[in-house]
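Observations on the three-dimensional arrangement
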Amino acid sequence: MVSLKPIRRSKLRIFAGKKVYRLKRYGEWLFDGKKYASKRLDDKLPYVIMKHRTPLLRQLKDVDMQLQRNKITNLQIAAKRLHKIVIEPGETFSYWRLIGNTTKRKGYVDGMILHYGKVTVGTGGGLCQLSNLIYWITLHTPLTVTERYRHSYDVFPDSNRSQPFGSGATCAYNYLDLQIKNETQTPYQLMIYLTDTHLNGEWRSIAPATRTYEIYEKEHHFTRELWGGYVRHNSIFRKVFDVEGNQIDDEFVTENHAITMYEPFLTYEGDGE
């Protein structure tokens, strides 16, 4: 495995790098030959394939709750760009192509972002909660994740975590994208909406699910690196079951390696993912 030792880069190097990667992505969207999903269907497709929700407010250690409240504003704007989008067979869903840049002109406000493992503030911050949710529900469908980026830093220790470590997808406009291809024969519709307390996501389709999935981790452990930090590791797998509940497959999904920004062998309270 390549060393995860943090590399110190100048602000100019980071700024220039973002510009280059963004231009590259714009070029891909124009010339990569993919058919990107863009159709929105007002009527709900009849069958729920997978749904999940995550709380809008979490008490995170040393994080101003106002940033959490601002995140809700950002999620409301972004959710409207994705709600009821349909992925037809052969089409690819691109998270950032649909949402667009998160500018103040569009109504986005300052929210929490993670920058090289540190909590900072940025316009449109907090949208990783949305990409995490979409990735999680997609793992419970036959849709194929063709592009996903793991979180490079594990910033907050576990507390009431219900999903395996590393089962989310980080995002940064537009070069860290989440892309999902429909390689099935049926269309899928994404539903994204907020209630007073939760961010909700659903995948729906024109036919009931013929498979169910159980996501789990293997080989979860921490290592102490020669440069002094800790790195957290695991592999994500999913069991596949038919309609009668018989296991028919056990698939490797991804592996994760993240620098921990806390002492991993201490006990913490009041923190969350």
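Everything quoted here is computed from the prediction, not taken from an experiment.

**Let's talk about the overall build of the protein chain**
Broken down by element type, the protein chain carries four helices and 13 strands. Here the C-alpha radius of gyration of the protein chain, 19 Å, is about what a compact globule of 273 residues would show, namely 19 Å. Summarising its shape, the C-alpha atoms of the protein chain cover approximately 50 × 45 × 40 Å along the three principal directions. Among the 273 residues that make up the protein chain, the fraction classed as buried is 47%. Of all intrachain contacts in the protein chain linking residues separated by at least 6 positions in sequence, the fraction that spans at least 24 positions is 71%. For the protein chain, the exposed surface amounts to about 14700 Å²; the carbon and sulfur share of it is 51%. When the 40 basic and 30 acidic side-chain charges of the protein chain are each reduced to a single mean position, those positions are 9 Å apart.

**Overview of the sheet that holds strand 10 (residues 198-205)**
A sheet is described by the order of its strands in space; here four strands give the open sequence 1-10-9-2, paired in antiparallel fashion. Of all the strands in the sheet, the pair left with one neighbour each is strand 1 (47-55) and strand 2 (85-87). Pairs of neighbouring strands in the sheet enclose a mean axial angle of 20 degrees, with direction left out of account. Direction of pairing for strand 9 (residues 188-194) relative to strand 10: antiparallel, over a ladder of seven bridges.

**Some words on the packing of aromatic side chains**
Scanning the entire structure with this criterion turns up eight aromatic pairs. Ring plane angle 65 degrees and centroid distance 5.9 Å describe the contact between Tyr26 and Trp29, whose orientation is recorded as edge-to-face. Placement of both Tyr26 and Trp29 in helix 1 (residues 11-31) is noted, with a separation of three residues, approximately one turn of the helix. You can call Trp29 buried: its relative accessible area is 12%. Considering the side-chain rings of Tyr95 and Trp96, the 5.0 Å spacing of their centres and the 80 degrees angle between planes classify their relative orientation as edge-to-face. Judged by relative accessible area, which is 4%, Trp96 ranks as buried. The residue whose ring lies beneath Arg232 is Phe165, and the NZ or CZ to ring-centre distance is 4.4 Å. Over the aromatic face of Tyr216 sits the side chain of Lys239, whose NZ or CZ is 5.2 Å from the ring centroid.

**As for the pattern of salt bridges**
In this structure the tally under the stated criterion is six salt bridges. The salt bridge involving Arg25 is made with Glu28; its shortest N-O contact spans 3.1 Å. Note that Arg25 and Glu28 are positioned in helix 1 at a spacing of three residues, about one turn of the helix. Of the residues examined, Arg25 reaches a relative accessible area of 5% and is grouped as buried. Connected via shared salt-bridge partners are Arg25, Glu28 and Glu147.

**Topic: the side chain of His233**
Along the chain, His233 turns up in strand 12 (residues 230-241). Under the relative-accessibility criterion, His233 is labelled buried at 6%. At 2.8 Å, the side chain of His233 forms a polar contact with the side chain of His257.

Calculation rules
- Think of each chain on its own: its residues are numbered from 1, step by step along the sequence as written.
- Only residues with pLDDT of 70 or above have their local features reported here, since the model is predicted, and side-chain atom pairs are shown and tallied only from 80 upward, although totals for entire chains, interfaces and linings are computed over all residues.
- For side-chain calculations, the full set of non-hydrogen atoms in the structure is used, while hydrogens and water are omitted.
- A run of H or I in DSSP counts as a helix once it spans at least four residues, and a run of E counts as a strand once it spans at least two, with each numbered from the N terminus.
- Throughout, radius of gyration means the C-alpha value; the globule benchmark is 2.2 Å times the number of residues raised to the power 0.38.
- Exposure categories follow from relative accessible area, calculated using a 1.4 Å probe and restricted to protein chains: below 20% of the type maximum is buried, above 50% is exposed, and the middle band is partly exposed.
- By definition, residues are in contact when any of their heavy atoms lie within 4.5 Å.
- What sets the accessible areas is the Shrake-Rupley method with a 1.4 Å probe; for residues, cover comes only from the shown protein chains.
- Under this rule, positive means Lys or Arg and negative means Asp or Glu; His and the chain ends count for nothing.
- Note that the charge is assigned to NZ on lysines, CZ on arginines, CG on aspartates and CD on glutamates.
- If DSSP finds at least two bridges between two strands, the strands pair.
- Every axis in this analysis is a line fitted to C-alpha atoms, fitted for helices over the stretch in contact. Angles between the N-to-C directions lie between 0 and 180 degrees.
- Classification of ring pairs uses Phe, Tyr and Trp, with its six-membered ring standing for Trp, and accepts pairs whose centres are within 6.5 Å; under 30 degrees between planes counts as stacked, over 60 as edge-to-face, and the remaining range as tilted.
- Two thresholds decide whether a charge sits over a ring: the Lys NZ or Arg CZ must be within 6 Å of the ring centre and within 35 degrees of the ring normal.
- Any Lys or Arg side-chain nitrogen found within 4 Å of a carboxyl oxygen on Asp or Glu counts as a salt bridge.
- Definition of a polar contact: a pair of N or O atoms within 3.5 Å, with one able to donate and the other able to accept a hydrogen when the atoms are protein atoms, and with sequence-neighbouring residues admitted only if both atoms are side-chain atoms.

Take it as geometry only, folks, not as evidence of what the structure does.
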